[in-house]
Amino acid sequence: MSLRLTCSKPAFAALAALTLTSLARPVFAQVDLIVAGEDATTFKGHIYRYSSTGVFKGFFTSGGPALDGPSSMVKGPDGNVYVLSGSDTVYRYNGTTGHYIDTFIPSGTAGLTEAKNIAFGPDGNLYIAANASGNGGVNSEGGQVLRFNGSTGAFINTFIATDAGGTGTSRLDEAMSLAFGKDGNLYVGNDARQLDPNFNNAYNVLRFNASTGAFVDTLVPNNDHGLYDPNALVFGPDGNLYVSNEGNSTFPSTNSNILRYNPTTGLYVDTFVTDNSGGLAEPYGTIFGADGNFYVTSTDTGQVKRYDGTTGSFVDTFVNSGNLADPKALLFVTASAPSTPEPGSLALLASLGLTGVGLLARRRRRTN
């Protein structure tokens, strides 16, 4: 027996048009969004997985020690996912399956404490924004950036020491967030309230040489445009620096938003995501997606908001399921299952009868 497929000329023309249209479209790898957060009922830490449409697909990680309030995660040069747990520990997971590999940096290594953020540098090593306990007043909080071998997790050095920087509150006091720029600098979100004699708000972004750790300048001055708790720094496709502003409901009151700065001139560009846009409350994690949109965790509402990556206008609440609470870090990974064909393609295939008999299959008896 052999199988011969035939179809009418109009159907064949439509199918050819569909094929050409599909080939003309840009092809993106299918990805899932993973979110570091906690269960709203049990308060246990988890890494949640969501489809490209925001549908909850279960937990990304499996095996290994329990996560305790995960606050940061990053994909390493080896393709694996590194997660900073609230226990001041960095765990490593397979970047595709989420299976636990090892405890990459154990708690307390090189005095690691009050870790806030992790990032891989251009040298392939892992950098951690960490802090020691301060005594209040004009005493330093103990902010520092520690460097660890990106392959073994072994401690290398204190890359940026406590109080490094300029004068007054332009010194590293509480390291909150990290981002490496293409200009060869390391940008650090800083809480310098402890350095103010009157304990006034003093939130800024400092810049250091990414090779030597030497102080360069204060890119974003204290409380610029209401800056409060810069928990996330990310460079956008336009080359600008996007700074999350958690906002503060007490005096002086500020709103939750995303500020944009030119890293070359240090000038404020605009408030990219406007005050509380789409119900945004206490942004913490930020990331640009392959779809060109900008994703932001809204920790106070347990959601992930999506914004137009060019205009900053609100698109939708992308994540609002999975019993998620206190979401912080965001990362895109390979999708856990193949995606279904586009609805438009399915409709056309159905109209051609490809789901039934539009392409007529006929058996032809073999002759001897």
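Just above sits the structure.
All of these numbers come straight from a predicted model, not from anything done at the bench. (Residues numbered from 1 in each chain as written. Predicted model: local features only at pLDDT ≥ 70, side-chain atom pairs only at ≥ 80, totals over all residues. Heavy atoms only, no water.)

## Examining the overall build of the protein chain
Keep this limit in mind: Counting from the N terminus, the helices are DSSP H or I runs at least four residues long and the strands are E runs at least two residues long. For the exposure calls, accessible area comes from a 1.4 Å probe over protein chains only, and a residue counts as buried if that area is under 20% of its type's maximum, exposed if over 50%, partly exposed in between. Residues count as neighbours in contact if any of their non-hydrogen atoms are within 4.5 Å of one another. Accessible surface is estimated by sampling points in the Shrake-Rupley manner with a 1.4 Å probe; for residues, cover comes only from the protein chains shown.
Counting secondary structure elements, the protein chain contains two helices and 27 strands. Burial status across the protein chain gives 48% buried among its 368 residues. By sequence separation, contacts in the protein chain at least 24 residues apart represent 47% of the contacts at least 6 residues apart. By element, 53% of the accessible surface of the protein chain is carried by carbon and sulfur atoms, the whole surface being about 16,800 Å².

## Observations concerning the pattern of salt bridges
For clarity, the threshold we go by: For this document, the term salt bridge refers to a Lys or Arg side-chain nitrogen within 4 Å of an Asp or Glu carboxyl oxygen.
Tallied over the full model, the rule gives 15 salt bridges. A salt bridge links Lys328 to Asp326; the nearest nitrogen and oxygen atoms lie 3.7 Å apart.

## Structural notes on the sheet that holds strand 15 (residues 203-209)
Note the following rule: Two strands pair under a simple rule: DSSP has to find at least two bridges between them. Angular values range over 0 to 180 degrees, each being the angle between N-to-C directions of two axes fitted as lines to C-alpha atoms, with helices fitted over their stretch in contact.
Taking strand neighbours across the sheet as the criterion, the four strands line up as 13-14-15-16 in an open arrangement whose pairing is antiparallel. Each end of this open sheet is capped by a strand with a single partner; those strands are strand 13 (175-180) and strand 16 (215-220). Neighbour-to-neighbour, the strand axes of this sheet turn through a mean angle of 25 degrees, independent of strand direction.

## Details of the environment of Asn125
Looking at where Asn125 falls in the secondary structure, it is placed in the loop between strand 9 (117-120) and strand 10 (126-130). When the C-alpha positions of Asn125 and Gly150 are compared, they lie 3.9 Å apart, and in sequence the two are 25 residues distant. Those residues within four positions of Asn125 in sequence are excluded, and the remaining contacts are Ala119, Phe120, Arg147, Phe148, Asn149, Gly150 and Ile156.

## Here we look at unusual backbone geometry
The phi dihedral of Asn223 falls on the positive side, at around 60 degrees, and the residue is not glycine. By the element assignment, Asn223 lies in the loop between strand 16 and strand 17 (233-235).

## Section: the sheet that holds strand 10
Hydrogen bonds along the backbone pair up the strands of a sheet, which may run parallel or antiparallel. Strands sit in the order 9-10-11-12 across an open sheet of four strands; the sheet is antiparallel. Of all strands in the sheet, those with a lone pairing partner are strand 9 and strand 12 (155-160), marking the two edges. Looking at each pair of strands side by side, their axes are set apart by 25 degrees on average, direction ignored. In this sheet, strand 11 (residues 144-148) lies alongside strand 10 in antiparallel orientation, the contact comprising five bridges. Following the sheet pairing, Ile128 is matched in strand 11 by Leu146.

## A few points about the pairing of strand 3 (residues 45-50)
Across the six residues that make up strand 3, a large majority, six, are buried. Along strand 3, one buried face is formed by Gly45, Ile47 and Arg49 and the opposite face, lined by His46, Tyr48 and Tyr50, is buried too. Pairing between strand 3 and strand 4 (residues 56-59): three bridges, direction antiparallel. Considered in strand 4, the bridge of Tyr48 is made with Phe59. Here strand 3 folds back onto strand 4, and the loop between the two strands holds five residues, one of which, Gly54, carries a positive phi near 90 degrees.

## Things to note about the environment of Val220
Mapped onto the fold, Val220 is located in strand 16. We classify Val220 as buried; its relative accessible area is 0%. Residues Val220 and Val205 lie 15 residues apart in sequence; the distance between their C-alpha atoms is 4.9 Å. Contacts of Val220, omitting those with residues within four sequence positions, involve Asn204, Val205, Leu227 and Tyr261.

## Considering the packing of aromatic side chains
The geometry of an aromatic ring pair comes down to the distance between the two centres and the angle between the two planes. Stated precisely, the cut-off is as follows: When two rings of Phe, Tyr or Trp (its six-membered ring) have centres within 6.5 Å they constitute a pair, described as stacked for plane angles under 30 degrees, edge-to-face for angles over 60, and tilted for the intermediate range.
Within the structure shown, the criterion is met by 23 aromatic pairs. With a centroid separation of 5.3 Å and an interplanar angle of 75 degrees, the aromatic rings of Tyr48 and Phe59 are classed as edge-to-face. Here Tyr48, found in strand 3, pairs with Phe59, found in strand 4; they are 11 residues apart in sequence, far enough to count as distant. Judged by relative accessible area, Phe59 falls into the partly exposed class, the value being 42%. Pairing Tyr307 with Phe314 gives two aromatic rings, centres 5.7 Å apart and planes at 65 degrees, and the pair type is edge-to-face.

## Examining the side chain of Ser277
By secondary structure assignment, the location of Ser277 is in the loop between strand 20 (268-273) and strand 21 (283-288). What makes Ser277 buried here is its relative accessible area of 12%. Among residues more than four places away in sequence, those in contact with Ser277 are Tyr307 and Phe314.

## Thoughts on the environment of Gly45
Topologically, Gly45 is positioned in strand 3. Taking the relative accessible area as the measure of exposure, Gly45 reaches 8% and is therefore buried. The sequence separation of Gly45 and Leu67 amounts to 22 residues, and the corresponding C-alpha distance is 4.8 Å. If we ignore the near neighbours within four places in the chain, the residues touching Gly45 are Gly37, Glu38, Leu67, Gly69 and Pro70.

## Let's talk about the pairing of strand 23 (residues 303-308)
In terms of burial, strand 23 is largely enclosed, as five of its six residues are buried. Bridge count for strand 22 (residues 293-298) against strand 23 is six bridges, and the pairing is antiparallel. Looking across to strand 23, one finds that Ser298 is bridged to Gln303. Counted between consecutive antiparallel strands, the loop separating strand 22 from strand 23 contains four residues, among which Gly302 sits at a positive phi close to 70 degrees. Sheet analysis places strand 23 next to strand 24 (residues 314-319), joined by four bridges and oriented antiparallel. For Tyr307, the partnering residue across the bridge sits in strand 24 and is Phe314.

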